[in-house]
Amino acid sequence: MTLAASGVSFPCHRLTVGRRSSPVQTREQSEEQCTDVHMVSDSDGDDFEDATEFGVDDGEMFGVASSALRKSPMMPENAENEGDALLQFTAEFSSRYGDCHPVYFIGSLEAAFQEAFYGKARDRKLLAIYLHHDESVLTNVFCSQMLCAESIVSYLSQNFITWAWDMTKEANRARFLTMCTRHFGSVVAQTIRTQKTDQFPLFLIIMGKRSSNEVLNVIQGNTTVDELMMRLMAAMEIFSAQQQEDIKDEDEREARENVKREQDEAYRISLEADRAKREAQEREMAEQFRLEQIRKEREEEREAIRLSLEQSLPPEPKEESTESVSKLRIRTPSGEFFERRFLASSKLQVVFDFVASKGYPWEEYKLLGTFPRRDVTQLDPNKTLLEVKLYPQETLFLEAKE
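As the structure is a prediction and not an experimental result, all values here were calculated from the model.

(A) Geometry of the pattern of salt bridges. Scanning all chains against the criterion turns up 26 salt bridges. The partner of R268 in a salt bridge is E265, and the shortest N-O contact between them spans 2.6 Å. Highlighted residues: R268 and E265, both in helix 9 (residues 225-312), separated by 3 residues, approximately one helical turn. Under the relative-accessibility criterion, R268 is labelled partly exposed at 44%. Through salt bridges with shared partners, a single network forms among R124, D246, E250 and R253.

(B) Geometry of the side chain of E250. By the element assignment, E250 lies in helix 9. With near-sequence residues (within four places) excluded, E250 lies in contact with K120, A121, R122 and R124.

(C) Structural context of the pairing of strand 4 (residues 160-166). Of all 7 residues that make up strand 4, 7 are buried, and the element is covered over most of its length. Residue alternation in strand 4 divides its side chains into two sets, F160, T162, A164 and D166 and I161, W163 and W165, and both sets are buried. Alignment of strand 3 (residues 126-132) against strand 4, held across 7 bridges, turns out to be parallel. By the bridge assignment, A128 is partnered in strand 4 with T162.

(D) Region of the structure containing the pairing of strand 9 (residues 365-369). A large share of strand 9 lies buried, amounting to 4 of its 5 residues. Here 5 bridges tie strand 9 to strand 11 (residues 393-400), and the two strands are oriented antiparallel to one another. Along strand 11, the bridge assignment pairs L367 with L398. Inspection of the sheet shows strand 9 paired to strand 10 (residues 374-375) by 2 bridges, in the antiparallel sense. Of the residues in strand 10, the one forming a bridge with G369 is R374. Once strand 9 ends, the chain turns through 4 residues before running back antiparallel as strand 10.

(E) Representation of the sheet that holds strand 5 (residues 202-208). Read from one edge to the other, the open sheet built from 4 strands follows the order 4-3-5-6, with strand pairing classed as mixed. At either end of the open sheet lies a strand with only one pairing partner, and these are strand 4 and strand 6 (213-220). Ignoring which end each strand starts from, the neighbouring axes of this sheet average 20° apart. Running over the sheet, helix 3 (residues 82-97) touches strand 3 and strand 4 and is turned about 90° from strand 4. Helix 7 (residues 170-184) contacts strand 3, strand 4, strand 5 and strand 6 of the sheet and is inclined by roughly 140° relative to strand 4.

(F) Region of interest: empty space enclosed by the protein. For the structure on display, the rule yields 1 cavity of 30 Å³ or more. Within this model, the largest cavity holds a volume of roughly 50 Å³. Considering the residues around the largest cavity, the lining is formed by F352, V355, A356, Y360, W362, Y365, K366, L367, T377 and L398. Of all the secondary-structure elements, those providing two or more residues to the lining of the largest cavity are helix 10 (348-357) and strand 9. Class assignment of the residues belonging to the lining of the largest cavity gives a composition of 8 nonpolar, 1 polar and 1 charged.

(G) Quick look at helix 10. Of all 10 residues making up helix 10, 9 are buried, and the element is well covered by its neighbours. Those residues of helix 10 lying buried are L348, V350, V351, F352, D353, F354, V355, A356 and S357. Buried residues along helix 10 sit against helix 9, strand 7 (325-331), strand 8 (337-343), strand 9 and strand 11. Of the residues one or two after helix 10, G359 is the one with positive phi, at around 100°.

(H) Main features of helix 6 (residues 150-159). Buried within helix 6 we find I152, V153, Y155, L156 and N159. Looking at the buried side of helix 6, the elements it contacts are strand 3, helix 5 (139-147), strand 4, strand 5 and helix 9.

(I) Seen up close, the nonpolar core. Counting residues in each nonpolar core, the largest one holds 58 residues, and the members touching the most others are L127 and W163. Beyond its immediate stretch of four places on either side in the chain, L127 contacts L109, A112, F113, A116, F117, F160, I161, W163, L204, I205 and I206. One finds F338, V351, Y360 and L398 within the second-largest nonpolar core, a separate group that totals 20 residues.

(J) View of the packing of helix 7 against helix 8 (residues 186-193). Direction vectors running N to C along helix 7 and helix 8 enclose 150°, while the axes themselves pass 7 Å from each other. Looking at the two axes, helix 7 sits roughly antiparallel to helix 8. Packed against helix 7, whose contacting residues are R173, F176, L177, C180, T181 and F184, the element helix 8 presents S186, V188, A189, I192 and R193 at the interface. The class makeup of the residues in the contact of helix 7 with helix 8 is 7 nonpolar, 2 polar and 2 charged.

Cut-offs and rules
- Residues numbered from 1 in each chain as written.
- Predicted model: local features only at pLDDT ≥ 70, side-chain atom pairs only at ≥ 80, totals over all residues.
- Heavy atoms only, no water.
- Salt bridge = Lys/Arg side-chain N within 4 Å of Asp/Glu carboxyl O.
- Helix = DSSP H or I, 4+ residues; strand = E, 2+ residues; numbered from the N terminus.
- Buried < 20%, exposed > 50% of the residue type's maximum accessible area, 1.4 Å probe, protein only.
- Contact = heavy atoms within 4.5 Å.
- Pairing = 2+ DSSP bridges.
- Axes fitted to C-alpha atoms, helices over the stretch in contact; angles between N-to-C directions.
- 1 Å grid on protein atoms, 1.4 Å probe; cavity = no way out; pocket = protein on both sides within 12 Å on 5 of 7 lines; lining within 4 Å.
- Points joined across faces, edges and corners; volume = space filled by probe spheres on them.
- Nonpolar A, V, L, I, M, F, W, Y, C, P; charged D, E, K, R; others polar.
- Core = buried A, V, L, I, M, F, W, Y, C linked by side-chain atoms within 4.5 Å.
- Parallel < 35°, antiparallel > 145°, perpendicular 65-115°, else oblique.

Encoded structure:
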């Protein structure tokens, strides 16, 4: 709209400039200041540019649409839940300035810190805090021309986590200053506290460090797109240098941790192998002990049987005995010989018991004759030596059964 079309008298019109009134104020309560405005004809209009080219619409210039523009607050007063407050802030910002704007982090300031600073070094970002103020004359221009510029929106999206807060209401302002003191210290909080209304909006650039959070820059609202971009890039340059150091430290730490994990795993495997070996040895020793016990029990049993048989043998007859005597010579598997005299009337079982008493039980050994070759253990043990023809003398051989 041109001045001529707005109904302003030509060539001179008297305008009244006054502070915008709140709904409870009356026109008489506002302070007024008058001035004469001289206008030029259309022929000189080329020397002036339409106000819309500077991002200020006609309604805003003449105060016509201000009430409609600021109908809803950016945040509820005394906002208790920061996430809900940021949802309202984002919705109201979009309704005022359009959908091309920074993506505001929805959540508490602590959660924004976690998102920006406490991931892996390669994933960390700078934190940008936008402090809005509806009563500043710079707010609309800053939001529409700076924050909504595609270059700024894209750069913030790629490199920053952007968090916002509305400082218009005193309660919300006090709450942010408390958060600021807690996270950045009293000096930064005092710097923000002393900012005048017309110096807002403010843009804080925060970089996370190992022990604290550092405020790299506080950008006031009276800036340009180019200057804002330049300051964002300068902050990014500082951050990138620090990030490379953090990445290097993190890689070295992870390498050390990997080596330690590998060493721990190798040690665990070694312990497991030692434990398995020890258990195998213990099992083997237990089995050997068990077998040894069985062997001893068998030997004790055999020895008991041997002694019993030895004690049950009839006395060896004397050479000058009047009875018929059979002399047997027995060769052991080891080549040794032992001899004994038996009555010819003795049963073959007595010979078996004698051989068993010497450690050669007939269940394990067979007794072989020579001429003719025969297995004596296969004969009837109840027959006499005379009956089985082991009289008057005979040489026998012991041989282990298969």
